[in-house]
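Chains, contacts and geometry: an overview
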Protein chains: 2
Amino acid sequence: MIGNIDLRQYLQEKAAQVEKGFKTYLTDEDVPEPLRESVRYSLFAGGKRLRPVLLLATMEALNGNSDSGLPAACAVEMIHTYSLIHDDLPAMDDDDYRRGKPSNHKVFGDAMAILAGDALLTHAFETISHLVDTGHDADKVVRLTRELAHFAGIRGMVGGQAADLLGENQQLTLEELQYIHQHKTADMIVFCVRAGAILADASPSQINALTRYGRHIGLAFQIQDDILDVIGDEQKLGKAVGSDEAKNKSTYPALIGLDSSRQKLNDMIKDAKQALAEAGVEKTVLAQIADFVISRDQ
Amino acid sequence: MIGNIDLRQYLQEKAAQVEKGFKTYLTDEDVPEPLRESVRYSLFAGGKRLRPVLLLATMEALNGNSDSGLPAACAVEMIHTYSLIHDDLPAMDDDDYRRGKPSNHKVFGDAMAILAGDALLTHAFETISHLVDTGHDADKVVRLTRELAHFAGIRGMVGGQAADLLGENQQLTLEELQYIHQHKTADMIVFCVRAGAILADASPSQINALTRYGRHIGLAFQIQDDILDVIGDEQKLGKAVGSDEAKNKSTYPALIGLDSSRQKLNDMIKDAKQALAEAGVEKTVLAQIADFVISRDQ
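Residue numbering note: each chain is counted from 1, following its sequence as written. Lettering of chains starts at A and numbering of ligands starts at 1, both following the order in which they are written. Only residues with pLDDT of at least 70 are given local features in this predicted model, and only at 80 or more are side-chain atom pairs given and counted; all residues enter the totals for whole chains, interfaces and linings.

Focus on the overall build of chain A
Where we set the bar: We count a stretch as a helix when DSSP gives it H or I for four or more residues in a row; a strand needs E for two or more, and each element gets its number in order from the N terminus. The atom set for the radius of gyration is the C-alpha atoms, and the globule formula is 2.2 Å times the number of residues raised to the power 0.38. Counting other C-beta atoms within 10 Å of its own, a residue is labelled buried from 20 upward, exposed at 12 or fewer, and partly exposed in the gap between, with every C-beta atom placed from the backbone. Contact between residues is assigned whenever the C-beta positions, reconstructed from backbone atoms, fall within 7 Å.
A tally of regular secondary structure across chain A gives 15 helices and 2 strands. Radius of gyration (C-alpha) of chain A: 18 Å, near the 19 Å computed for a compact globule of 298 residues. Viewed in the frame of its principal axes, chain A has a C-alpha envelope of about 50 × 50 × 35 Å. In chain A, buried positions account for 52% of the 298 residues. Across chain A, contacts joining residues at least 24 apart in sequence account for 72% of those joining residues at least 6 apart.

Observations regarding the relation of the copies chain B and chain A
Under the convention used in this document: Only residues with pLDDT of at least 70 in both copies count here: their C-alpha atoms drive the least-squares fit that superposes the copies.
Each copy of the sequence occupies a distinct position, and chain B is placed on chain A by a rotation of 180° and an axial shift of 0.0 Å, giving an RMSD of 0.0 Å. In short, the pair behaves as if placed about a two-fold rotation axis. Looking at the rotation axis and the C-alpha trace of chain B, the residue lying nearest is Ala138 of chain B, at 2.6 Å. Interface overlap between copies: 100% of the residues of chain B at the interface are likewise at the interface in chain A, consistent with a symmetric, same-surface contact.

Structural notes on the nonpolar core
Counted only if it meets this: Remark: nonpolar core denotes a set of buried Ala, Val, Leu, Ile, Met, Phe, Trp, Tyr and Cys residues whose joining runs through C-beta atoms within 7 Å.
Within the largest apolar cluster, 184 residues are counted, with the highest numbers of intra-cluster contacts made by Ala72 and Ala116 of chain A together with Ala72 and Ala116 of chain B. Not counting chain neighbours up to four residues away, the residues in contact with Ala116 of chain B comprise Leu35, Ser38, Val39, Ser42, Ile85, Asn104 and Phe108 of chain B.

Considering the confidence of the model for chain A
Under the convention used in this document: On a range of 0 to 100, pLDDT expresses the predictor's confidence in each residue.
Scored by pLDDT, chain A has a mean of 93; 98% of the residues are at 70 or more. In the model output, the complex is listed with pTM 0.96 alongside ipTM 0.95.

Details of the interface of chain B and chain A
The test is simple: Residue polarity is assigned by list, with Asp, Glu, Lys and Arg as charged and Ala, Val, Leu, Ile, Met, Phe, Trp, Tyr, Cys and Pro as nonpolar; anything else, Gly included, falls into the polar class.
Counting residues at the interface gives 45 residues for chain B, matched by 45 residues for chain A. For the side of chain B that touches chain A, the secondary-structure elements that each account for two or more residues are α2 (33–43), α6 (110–128), α7 (138–152) and α8 (157–166) of chain B. A total of 12 residues in the side of chain B that touches chain A trace back to one element, the largest contributor, which is α6 of chain B. Taken together, the residues of the side of chain B that touches chain A sort by class into 27 nonpolar, 10 polar and 8 charged.

Regarding unusual backbone geometry
Residue and element names in this part refer to chain B. Phi at Arg49 is positive, roughly 55°, even though this residue is not glycine. Inspection of the secondary structure assignment puts Arg49 in the loop between α2 and α3 (50–61). Of note, the phi angle at Asn63 is positive, near 65°, even though the residue is not glycine.

Some words on α3 of chain B
Residue and element names in this part refer to chain B. Applicable threshold: To estimate how far a helix should extend, the number of its residues minus one is multiplied by 1.5 Å.
In a regular helix each residue adds 1.5 Å, so 12 residues correspond to 16 Å; α3 covers 16 Å between its end C-alpha atoms and thus fits that length. The element α3 is largely enclosed, with a buried count of 12 among its 12 residues. Every buried residue of α3 is listed here: Leu50, Arg51, Pro52, Val53, Leu54, Leu55, Leu56, Ala57, Thr58, Met59, Glu60 and Ala61. Two residues or fewer past α3, Asn63 is found with a positive phi of approximately 65°.

Focus on the packing of helix α6 (residues 110–128) of chain A against α7 of chain B
Heads up, the rule is: Geometry is summarised by axes, namely lines fitted to C-alpha atoms with helices restricted to the contacting stretch, and by angles between N-to-C directions that run from 0 to 180 degrees. Note on terminology: angles under 35 degrees are roughly parallel, angles over 145 are roughly antiparallel, angles of 65 to 115 are roughly perpendicular, and the others are oblique. Crossings are sorted by hand: turned counterclockwise from the far helix by less than a right angle, the near helix makes the crossing left-handed, and turned clockwise it makes it right-handed.
Two elements in contact, α6 of chain A and α7 of chain B, have axes whose closest approach is 8 Å; the angle formed by their N-to-C orientations is 150°. Taken together, the axis directions place α6 of chain A and α7 of chain B in an arrangement best described as roughly antiparallel. The handedness of the crossing between α6 of chain A and α7 of chain B is left-handed. Counting all contacts with α6 of chain A, which are made through Thr122, His123, Phe125 and Glu126 of chain A, the residues of α7 of chain B involved are Thr145, Arg146, Ala149, His150 and Ala152 of chain B.

A look at the environment of Thr27 of chain A
Residues and elements named next belong to chain A. Counting through the fold element by element, Thr27 comes out in the loop between α1 (7–25) and α2 (33–43). Under the C-beta neighbour-count criterion, Thr27 is labelled partly exposed, with 14 such atoms within 10 Å. Counting along the chain gives 144 residues from Thr27 to Gln171, while the straight-line C-alpha distance between them is 45 Å.

What to know about the packing of helix α3 (residues 50–61) of chain A against helix α4 (residues 70–88) of chain A
Packed helix pairs are characterised by how far apart their axes lie and by the angle those axes make with each other. All names here are of chain A. Where α3 contacts α4, the axes come no closer than 8 Å and their chain directions differ by 160°. With respect to α4, the element α3 is oriented roughly antiparallel. With respect to the hand of their crossing, α3 and α4 are arranged in right-handed fashion. In this structure, α3 uses Arg51, Pro52, Leu55 and Leu56 to contact α4, whose residues at the interface are Ala72, Ala73, Cys74, Val76, Glu77 and His80.

Digging into α2 of chain B
Restricting attention to buried positions, one finds in α2 of chain B the residues Leu35, Ser38, Val39, Tyr41, Ser42 and Leu43 of chain B. In this structure, the buried residues of α2 of chain B make contact with α8 (157–166) of chain A together with α1 (7–25), α4 (70–88), α5 (104–108) and α6 of chain B.

Points about the environment of Ile294 of chain A
Residue and element names in this part refer to chain A. For Ile294, the location among the structural elements is in helix α15 (residues 285–295). The class for Ile294 is partly exposed, based on 18 C-beta atoms found within 10 Å. As for Ile294 and Ile223, which are separated by 71 residues in sequence, their C-alpha atoms are 8.9 Å apart. Ignoring any residue separated from it by four or fewer positions in sequence, one finds Ile294 in contact with Ala220, Gln224, Leu265 and Ile269.

See the structure below:
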């Protein structure tokens, strides 16, 4: 996959592939109806599907067969979805809207939202195990299972969420803010890129370079999120802007200003592209995804 | 392992083995301190460790090396612990005490309790992947990972939790109550017995028989729980009795009376022992564990 393609169309096609995967892997027969509905409400709520698309795109950039990576892509989106459901709970960020729709607990109640999140998190690990059915070695599947749990878990995304909550109403240092961004947002993106690379039999040095790419676009993604919370369009975002300031959250714009935040963003995308060059995949859709991260308005 | 052993001592020794395992597998360096403390508070809160002990005992009954099963045993207890933390939340069962101590959210707040549960659930899957490091084939580890997610997930324990919540303040049929018991309680016990059998290279017919044993003692365990909630000693249980009635929950004693519940319990233990005989392990500690389930007072 060389040269510029229509990124919007590519993202849509891959998102559709992921949603088709959910229909295969979300086995929920004989499940109490409200739990089933609560899970499906959030899993099929749309969204960019950026994480699973990144996983599939990384496989394709390395000439892998992305169809065989679908169980991992679906697993990643299940984990992302659970994290949004739990994050929106009154005890956590207390957000009433998500992607322009009432958040899960507003529709199904707090208890069912907690359980829907638990169900999706657990089901991600059932789903990723299906990589053995799409032709991958069990050794590789165990490695990816461990990495998924690592990057999503206590030293990964959950740790970042905790740091984010604990940092509310406090003046954080840039270093503390970076810890939060790294773990809360970048870790799962790093996993996606690494998983795609490992599934496509990348060399260790390619995996290292792509890990750097993932970290940089992950941090850039979060900075852009912070910027959009200041200057974004509520209509396009599907959620209220200004919520970081209202909650007294430390952000890049609050800490170093808008202009420096934009500069930081550009530097990170430049580093991300250099990492792609080192991995020999600079002329692939991965470079366009890096540009998309800073140009997006939703 | 043939003949009667001192069960109390056996349970204590195996529980100590599991707690030693936590020290190996709970890698939580560089984690925000309140999250780390919240996870450890519940994971090291004691308890019978019945599930992981059952897994190790099943391996030993089949002449397997139980040390090599420790990652699976620790994973199971992490999942059990997360389910208790989330279950005690105000939005769920709203219990202030667990094992005689304030429940997790009473000490660390609701947000940190939700995250501690998420962390433990996720970490269980990192932990079980370490079975490849204790000498098990990757194929077997993928199979067990899938089974763990299945029995803990939407068609397993989480589905049972949802049914339990939805059944509050309603007159359930015996069939509906059995669905709840099967999934909320028995599924994870079934997983433990199956995992022990698979790790010890049991034959398919042995695995089937042991699955029946697991289902029967799991259901018996829940009925005994319901009975203890009526007639138990708060001091020994470490929690208030009468909570099922106060919450208007359907239970075996409420539905069919105490005497019939006890009869049902005895029948199940008899069936469980017959299944052990079919698997050729009737003279092992597994039979004593079956007796323990109905004689326990805590």
